[in-house]
Amino acid sequence: MHLTDIGANLTHSSFHDDLDAVATRARAANVGTVIITGTTVLESRLAAEIADRLDLYCTAGVHPHHARDFGEQTVTELRKLSLHPRCVAIGECGLDFNRNYSPHPAQEKCFISQLELALHLGKPLFLHSRDAHPRFAQILRTHGVKKAVAHCFTGEADELHAYLELDLYIGITGWICDERRGTHLLRLVRDIPADRLLLETDSPYLTPRDMKPQPKARRNEPAFLPHILKTVARALGRPPEEVAVQTTRNAARLFGIDESRASTTAQRTAAA
Ligand SMILES: [Zn+2]
């Protein structure tokens, strides 16, 4: 079995001291491919460094929380970062009308600049949307965005179907394991076509609440992806192995990751 964690915030300070061990544990748990999320220019640069060092992948983008810092130089910087051989997507970018750390006009400007960059480069987008439906889908539709993932989907049916109509991939996190606010996803995940489903931890956030025992300091990490896989597979009524193969194939297709290389890595780790 080989799994792909399409979203891990490994630049987060909580990983500062034991990143090598985290990567080793991920491989031991069959999470052979990890894509490190870039959320600012600085963090995207760091993500590329980590990806290089630990044989992982990364994205380059500016999260809507940081949209207020988005300047003229930012696109130039992101374009440079996107040329890195391990950078597989533009993002995390999008709209967050839940926390509203940046004003809406700044968020939209920052988002659209990155959409245009990705379309220009022919790269997929790693998208964040929180309480921003239907404005978010409207912007994607206007710009003709097709190659993208709505990462950490937590919304309702109308939002999901709007994204599927746009042919987006859907990223499912440990939110689906949350008995307080994620149970609707157990039903909704069945509406996602098999070739559009992706899995992610969003580490160090969103530790699956039903994991026993809970990890130290409740920090989530890529090695916990199989727990999310099992919950998703149960909700779909399909064997976890089958969902693993399908979601890894989907990630390889969207992000242009060589699947044979991924499986060789997994086999190498298994043999070691
Ligand atoms: Zn996000």
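This is a predicted model, so every value here is computed, not measured.

## Looking at the sheet that holds strand β5 (residues 125-130)
- Ordered in space as β1-β2-β3-β4-β5-β6-β7-β8, the eight strands form an open sheet in which the pairing is parallel. The two strands at the open ends of the sheet, each matched to only one other strand, are β1 (3-8) and β8 (197-199). For this sheet the average axis-to-axis angle between neighbouring strands, irrespective of direction, equals 30°.
- Summarising the sheet, strand β3 (residues 57-60) and strand β4 (residues 87-96) pair through three bridges and their orientation is parallel. Each residue of the ladder has a partner; that of Cys 58, found in β4, is Cys 87.

## Description of the packing of helix α4 (residues 104-121) against helix α5 (residues 135-143)
- At a minimum axis separation of 11 Å, α4 and α5 run at an interaxial angle of 35°. With respect to the hand of their crossing, α4 and α5 are arranged in right-handed fashion. Judged by residue contacts, Glu 108, Phe 111, Ile 112, Leu 115, Glu 116 and Leu 119 of α4 engage Arg 135, Phe 136, Ile 139, Leu 140 and His 143 from α5.
- Its residues assigned to classes, the contact of α4 with α5 comprises seven nonpolar, one polar and three charged.

## Regarding the nonpolar core
- With 72 residues, the main nonpolar core has Leu 127 and Val 232 as its most contacted residues.
- Top element by residues in this core is helix α8 (residues 225-236). It accounts for seven residues.
- Other than its neighbours up to four places away in sequence, Val 232 contacts Ile 172, Ile 176, Val 189, Leu 197, Leu 199 and Val 243.
- Grouped together as the second largest cluster of nonpolar side chains are 13 residues, Ile 6, Val 88, Ala 89 and Ile 257 included.

## Focus: the confidence of the model for the protein chain
- Across the protein chain, the average pLDDT comes to 94, with 95% of residues at 70 or higher.
- Within the model, the stretch residues 266-272 combines pLDDT values under 50 with four contacts to residues more than four positions away or in other chains.

The rules behind the values
Residues numbered from 1 in each chain as written. Predicted model: local features only at pLDDT ≥ 70, side-chain atom pairs only at ≥ 80, totals over all residues. Heavy atoms only, no water. Pairing = 2+ DSSP bridges. Helix = DSSP H or I, 4+ residues; strand = E, 2+ residues; numbered from the N terminus. Axes fitted to C-alpha atoms, helices over the stretch in contact; angles between N-to-C directions. Left-handed = near helix turned anticlockwise from the far one by under 90°. Contact = heavy atoms within 4.5 Å. Nonpolar A, V, L, I, M, F, W, Y, C, P; charged D, E, K, R; others polar. Core = buried A, V, L, I, M, F, W, Y, C linked by side-chain atoms within 4.5 Å. Buried < 20%, exposed > 50% of the residue type's maximum accessible area, 1.4 Å probe, protein only. pLDDT = per-residue confidence, 0-100.

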